[in-house]
Amino acid sequence: MTAKIPLTWLYVPGDRPERVAKALVAGADVVIVDLEDAVAADRKSYARAATSELLSDRHHVPVHVRVNALDGPLARLDIEALADRPGLACLRLPKVTAPSQITRVAELAGSPPLFALLESALGIESAYAIATAHPSLTGLSLGESDLRADLGTAADTGLDWARSRVVCAARAAGLAPPPQSVHTDLYDRDGLAASCARGRALGFLGRAAIHPSQLPVIERAYLPTAEEIAAARDITKAAATDAGALALPDGRFVDAAVVAGARRTLSLAEHRPPP
């Protein structure tokens with residue numbers, strides 16, 4: 001059986017083991033234990049030790065760990081403590097700006113998959129080089145709060161070019177579509193839904209969350225609709241009888257790229273059937 005396509009990625013502070021335990025049963029596809037922004041400076045060592053203990057066993061939900069910033073001393077301590085833990089599914093690397101950072105971490109960490117977070121203009125400009133830096137790198141995503149501050153933009157649309165750049169870089173590198181960055185207003189469900197719809201239109205797949213209450217909103221936004229599933233089935237059925245470009249009965253032109261997109265839709269529907 002193929003792995004379930006992740007749509008929801010739930011952040012939880014690494015120094016709060018009780019919250020990590022709740023996150024593991026909250027229904028997220030991936031739990032991200034955060035050792036960086038969510039942990040105060042005087043609790044970093046405790047968070048690392050607690051996370052190492054957590055990862056001594058495998059869990060039914062993949063557990064990623066966001067380590068501390070790569071340009072500081074704590075990242076190496078995090079990586080050395082966690083890289084060989086059996087419950088670690090991926091190391092998430094914050095504030096990546098250059099492909100050399102990926103290769104250095106890969107050499108230090110060994111075999112764990114890596115995931116790069118691009119949070120600055122320099123990181124965005126280097127997106128494709130970062131995405132292809134090492135075979136251990138399995139994904140890209142944006143850190144929009146830091147990127148917004150770096151660019152000095154208050155308008156949400158000011159990040160759209162960077163968003164598209166990351167989506168294109170991931171695709172060009174053969175990586176999965178990136179998940180969206182977090183929506184920081186817990187009570188703004190309508191805003192979260194609208195933002196997810198915008199992200200989906202830009203090519204993102206799924207989204208990070210900071211609270212379990214956001215998970216159903218993200219799922220609804222990213223699961224294919226019944227109409228999308230039906231259209232995808234029509235396309236793949238037509239393609240099964242004709243290997244070249246063709247037109248459907250309703251006049252839509254279908255080529256190989258459209259067929260591939262339809263198959264991705266059906267794959268997602270198979271893993272996460274809509275209610």
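Draft legend 1. Broad picture of the layout of surface pockets. Taken as a whole, the largest pocket holds about 1100 Å³ of empty space. In terms of lining, the largest pocket is formed by 39 residues, of which the most central are Ile-5, Ala-176, Pro-177, Leu-205 and Arg-264. Those elements giving two or more residues to the lining of the largest pocket turn out to be strand E4 (88-93), strand E6 (137-142), helix H8 (160-172) and helix H12 (256-271). The greatest single-element share of the lining of the largest pocket, amounting to five residues, is contributed by H12. For the lining of the largest pocket, the residue count by class is 25 nonpolar, eight polar and six charged. Estimates place the volume of the second largest pocket at around 380 Å³. What lines the second largest pocket is a set of 23 residues, among which Tyr-11, Asp-37, Arg-66, Val-182 and Ile-210 lie closest to the centre. Each residue belonging to the lining of the second largest pocket can be placed in one class, and the counts come to nine nonpolar, six polar and eight charged.

Draft legend 2. Spatial organisation of the nonpolar core. Ranked by size, the top nonpolar core spans 62 residues in total, and within it Val-33, Leu-93 and Leu-140 carry the most contacts. Those residues in contact with Leu-93 that sit more than four places away from it in its chain are Val-67, Leu-70, Ile-102, Val-105, Leu-114, Phe-115, Ala-116 and Leu-117. If you look at the next biggest cluster of nonpolar residues, it comprises eight residues, including Trp-9, Ile-32, Cys-90 and Ala-208.

Draft legend 3. Structural detail: the pattern of salt bridges. Within the structure shown, the criterion is met by 18 salt bridges. Here Arg-66 makes a salt bridge to Glu-36, at a shortest N to O gap of 3.4 Å. With a gap of 30 residues between them, Arg-66 in strand E3 (residues 63-66) and Glu-36 in the loop between strand E2 (30-34) and helix H2 (44-54) connect regions that are remote in the sequence. Each member of the pair, Arg-66 as well as Glu-36, carries the same accessibility label: buried. Sharing partners across several salt bridges, the network here consists of Asp-34, Glu-36, Asp-37, Arg-66, Lys-95, Glu-119 and Asp-146.

Quick notes on the rules
Residues numbered from 1 in each chain as written. Predicted model: local features only at pLDDT ≥ 70, side-chain atom pairs only at ≥ 80, totals over all residues. Heavy atoms only, no water. 1 Å grid on protein atoms, 1.4 Å probe; cavity = no way out; pocket = protein on both sides within 12 Å on 5 of 7 lines; lining within 4 Å. Points joined across faces, edges and corners; volume = space filled by probe spheres on them. Helix = DSSP H or I, 4+ residues; strand = E, 2+ residues; numbered from the N terminus. Nonpolar A, V, L, I, M, F, W, Y, C, P; charged D, E, K, R; others polar. Core = buried A, V, L, I, M, F, W, Y, C linked by side-chain atoms within 4.5 Å. Buried < 20%, exposed > 50% of the residue type's maximum accessible area, 1.4 Å probe, protein only. Contact = heavy atoms within 4.5 Å. Salt bridge = Lys/Arg side-chain N within 4 Å of Asp/Glu carboxyl O.

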